[in-house]
Amino acid sequence: APRAQGTPPRRRRRRRASRTLLFTGLMLLLIAAALVIYLLFFSERERTISMTATPITAGVTKLNTGSGMLYQSNGHIYYYDWSNQNRNYSYEMQADIRMSGSTKLSVVYTDTMLQIVGQDEPITFTGEILSVECGETHIAVLRRDSGGGESVLVLTSAGEQVDQLLPDDQYIVDFGFYTTTGEMLWIQTLSATAGVPTTRITTYDLSRRASIGVMQVQDQLIDALYITENSLFAVGTNQIIRYTHDGNKEIYREMVYGYKVLDFSNASGTPTFLLAPRDGNMHAVKLLTLEEADEAGAVETHLQLPGEGVAGYIMNGALVVVAREKLFTYSLRGQLSSTATLELPVDEAIKLSDTTLLLLSNGAYYTAKVR
């Protein structure tokens, strides 16, 4: 019997293979086209950092209060709120005036006078006002009397003096406020009477008007004090020392000799320090995380920052590096996670909060949100 006519099996297989290859090629082209469209129309927009203009310009004296900026211009003190422009205000000032502020209180002062913003009358002092710090409900004034002695005067938000703290013949280096169960004040003093520099950090409970404890460090200077809910970290020239709030008990020391701390954050719940070599190499940095436990549990991550970097900060649980035209984000383990383009080239970057930067571009300051 004659064979049925039709396409030979081998040819049919070749046609099926060709159709499969053609379909696969079309799908790949469609995927590639979709990716190009996404990159052109969406990705670039997502990777551009918007910059919001502020009235602050280069060269003015300015102070971040945590909720806004105090700055001087044209014979006035101005306050510019980061989130609510209805809170902005201006205050006419005298010559040679200085400023201090927190999220709750702001003051302006001269060598002999202090004005709490919101109060009608200024407060006059005998002696000389050296510096002022504002807390939430109190103000601390470092004053030098006519005999050269120094003390810290503690005022309420209404201007009433409630305490005077004397340094016991030690030189007052720094002081400031923090909050645990209530508002607290710390004072850092320095003494070299025994031939060995000794730093003493004393903490005061302002509600009880009593000293809580004293932290004493010898053979190294203390550069900064970083405070969390559970710890006080004293950063020295050789070590970072952890103390508890309960009696200022020392728990451990972590060596950081040869490095200085550029920034600190505890937003992720893990105390994290950004350090750079003291020799001035600002591009070879390291991230150091410590535990708030009996042992430091230190984890170090070394990384090289871009050569064109303007500044680097720990923000929103990551390391943010600002370059002139770019913003680089690294994980706390040193991996580059994203790159963004700044709306304008910048010359300076200041960390305002865990999510906001103040950027200087062409003589004017802008704010930018960091995700």
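You'll find the structure just up there.
Residues numbered from 1 in each chain as written. Predicted model: local features only at pLDDT ≥ 70, side-chain atom pairs only at ≥ 80, totals over all residues. Heavy atoms only, no water.

## Quick notes on the overall build of the chain
Link 1 in the chain: The helix and strand inventory of the chain stands at one helix and 33 strands.
Link 2 in the chain: In the chain, which comprises 371 residues, the share counted as buried stands at 43%.
Link 3 in the chain: For the chain, the proportion of contacts with a sequence separation of at least 24, taken over those separated by at least 6, is 33%.
Link 4 in the chain: Element-wise, carbon and sulfur atoms account for 50% of the exposed surface of the chain, whose accessible area totals about 20,000 Å². (Helix = DSSP H or I, 4+ residues; strand = E, 2+ residues; numbered from the N terminus. Buried < 20%, exposed > 50% of the residue type's maximum accessible area, 1.4 Å probe, protein only. Contact = heavy atoms within 4.5 Å. Areas by Shrake-Rupley, 256 points an atom, 1.4 Å probe, with all protein chains shown as cover.)

## What about the side chain of threonine 272?
Link 1 in the chain: The topology assignment puts threonine 272 in strand E24 (residues 272-277).
Link 2 in the chain: Looking at threonine 272, its side chain comes within polar contact range of the main-chain oxygen of threonine 270, at 2.9 Å.
Link 3 in the chain: Those residues in contact with threonine 272 that sit more than four places away from it in its chain are Asp263, Phe264, Ser265, Leu287, Leu288, Thr289, Ile314 and Leu332. (Polar contact = N/O pair within 3.5 Å; in protein donor to acceptor, adjacent residues only side chain to side chain.)

## Side note on the packing of aromatic side chains
Remark: the centre distance and the inter-plane angle together describe each pair of aromatic rings, the angle taken between the planes.
Link 1 in the chain: Tallying each qualifying case throughout the model produces eight aromatic pairs.
Link 2 in the chain: Measuring from centroid to centroid gives 5.7 Å for phenylalanine 233 and phenylalanine 273, while their planes differ by 80°, and the two rings are edge-to-face. Here phenylalanine 233 is found in strand E20 (residues 232-236), whereas its partner phenylalanine 273 is found in strand E24, with 40 residues between them in sequence. Taken individually, phenylalanine 233 and phenylalanine 273 each receive the classification buried, so the pair is uniform in this respect. (Phe/Tyr/Trp six-rings, centres within 6.5 Å; stacked < 30°, edge-to-face > 60°.)

## What about the sheet that holds strand E29 (residues 326-330)?
Link 1 in the chain: Read across the open sheet, the five strands follow the order E1-E30-E29-E28-E27; overall the sheet is mixed. Each edge of the open sheet is held by one strand with a lone partner, namely strand E1 (48-49) and strand E27 (309-315). (Pairing = 2+ DSSP bridges.)

## A closer look at the nonpolar core
Link 1 in the chain: By size, the foremost hydrophobic cluster in this structure holds 17 residues, and its most contacted members are Met51, Val322, Leu327, Leu342, Leu357 and Leu359.
Link 2 in the chain: For this core, the secondary-structure elements that each account for two or more residues are E27, strand E28 (318-323), strand E30 (336-342), strand E32 (356-361) and strand E33 (364-369).
Link 3 in the chain: Counting residues per element, this core draws most heavily on E27, at three residues.
Link 4 in the chain: Not counting the four nearest positions on each side in its chain, methionine 51 is found in contact with Leu342, Glu343, Leu344, Val346, Leu359, Ser361, Tyr366, Thr367 and Ala368. (Core = buried A, V, L, I, M, F, W, Y, C linked by side-chain atoms within 4.5 Å.)

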